[in-house]
Amino acid sequence: MRIGEVARRAGVSVKTVRHYESLGLVGSSRLPNGYRDYAEDVPRLVAEAHELGRVGLSLDQTRPFLDCLAGGNANADDCLATRPAYSAAIADLTRRIDELDRRRSALQALLSAAESRAAESRAAESRAAESREPGHEHEGES
């Protein structure tokens, strides 16, 4: 099967298939005319790697899943070797979420402080304006 067919079946670009091949995630042979020739299982491997990447696994972390499929398993995560990749991706997401929570809290504190200063400034301006109005004499004036 040619690269365009692999890409179409997997729902990715030809460039993505080439990239996965350059990383050794999938392989091909060469036809006499120099075109790449892919096995029938390659579109599924490419689609699986792409989907795993979409949910947060690095391409390197997809290797055990692809090996599992290539080994004849019905599902990419039927092999025990895939569990650490899931755990590592979950741990990475948890770290990232925690960092985002810390950043959000810091931004909320900065916004709150800015709003407090602005409110204090408006109140001070309002008091100053009231004291300048006729009928509001300053203390000590006669």
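Just so it is clear, the structure is predicted and the values come from calculations on it, not from any experiment. (Residues numbered from 1 in each chain as written. Predicted model: local features only at pLDDT ≥ 70, side-chain atom pairs only at ≥ 80, totals over all residues. Heavy atoms only, no water.)

A.B. asks: Explain the environment of Val6 here, please?
C.D. replies: Along the chain, Val6 falls in helix H1 (residues 3-10). Note: C-alpha distance between Val6 and Ala47 (41 residues apart in sequence) is 9.3 Å. Beyond its immediate stretch of four places on either side in the chain, Val6 contacts Met1, Val17, Tyr38, Val42, Pro43 and Val46. (Helix = DSSP H or I, 4+ residues; strand = E, 2+ residues; numbered from the N terminus. Contact = heavy atoms within 4.5 Å.)

A.B. asks: Which parts of the structure should I look at to understand the side chain of Thr62?
C.D. replies: As for its placement among the helices and strands, Thr62 is situated in the loop between helix H3 (42-54) and helix H4 (63-70). Judged by its relative accessible area of 0%, Thr62 is buried. Those residues in contact with Thr62 that lie beyond four places of it in its chain are Leu25, Ala49, Leu52 and Leu57. (Buried < 20%, exposed > 50% of the residue type's maximum accessible area, 1.4 Å probe, protein only.)

A.B. asks: I'm lost on the nonpolar core in this one. Help?
C.D. replies: Residues Val6, Val17 and Val46 are the most contacted members of the largest nonpolar core, which totals 23 residues. Breaking this core down by element, the ones donating at least two residues are H1, helix H2 (14-22), H3, H4 and helix H5 (83-132). A total of 5 residues in this core trace back to one element, the largest contributor, which is H3. Leaving out residues up to four positions away in the same chain, Val17 has contacts with Ile3, Val6, Ala7, Val12, Val26, Tyr38 and Val46. (Core = buried A, V, L, I, M, F, W, Y, C linked by side-chain atoms within 4.5 Å.)

A.B. asks: Explain the packing of aromatic side chains to me, please; I cannot follow it from the model alone.
C.D. replies: A ring pair, where both rings are aromatic, is described by two values, the distance of the centres and the angle of the planes. All chains considered together, the criterion is met by 1 aromatic pair. When the ring of Phe65 is compared with that of Tyr86, the centres are 5.0 Å apart and the planes differ by 65°; the resulting orientation is edge-to-face. Of this pair, Phe65 sits in helix H4 while Tyr86 sits in helix H5, and the two are 21 residues apart along the sequence. The class for Phe65 is buried, based on a relative accessible area of 0%. According to the relative accessible area criterion, Tyr86 is partly exposed, its value standing at 29%. (Phe/Tyr/Trp six-rings, centres within 6.5 Å; stacked < 30°, edge-to-face > 60°.)

A.B. asks: Whenever I open this one, the state of the cysteines confuses me. Can you help?
C.D. replies: By definition, a disulfide links the sulfur atoms of two cysteine residues through a covalent bond. If you walk through the whole model with that rule in mind, you get 1 disulfide. Here Cys68 engages in a disulfide with Cys79; their sulfurs sit 2.2 Å apart. Of note, the bridge from Cys68 to Cys79 carries an S-S torsion of about 90° and is right-handed in sense. Placement of Cys68 in helix H4 and of Cys79 in the loop between H4 and H5 is noted, with a sequence separation of 11 residues between them. (Disulfide = S-S within 2.5 Å.)

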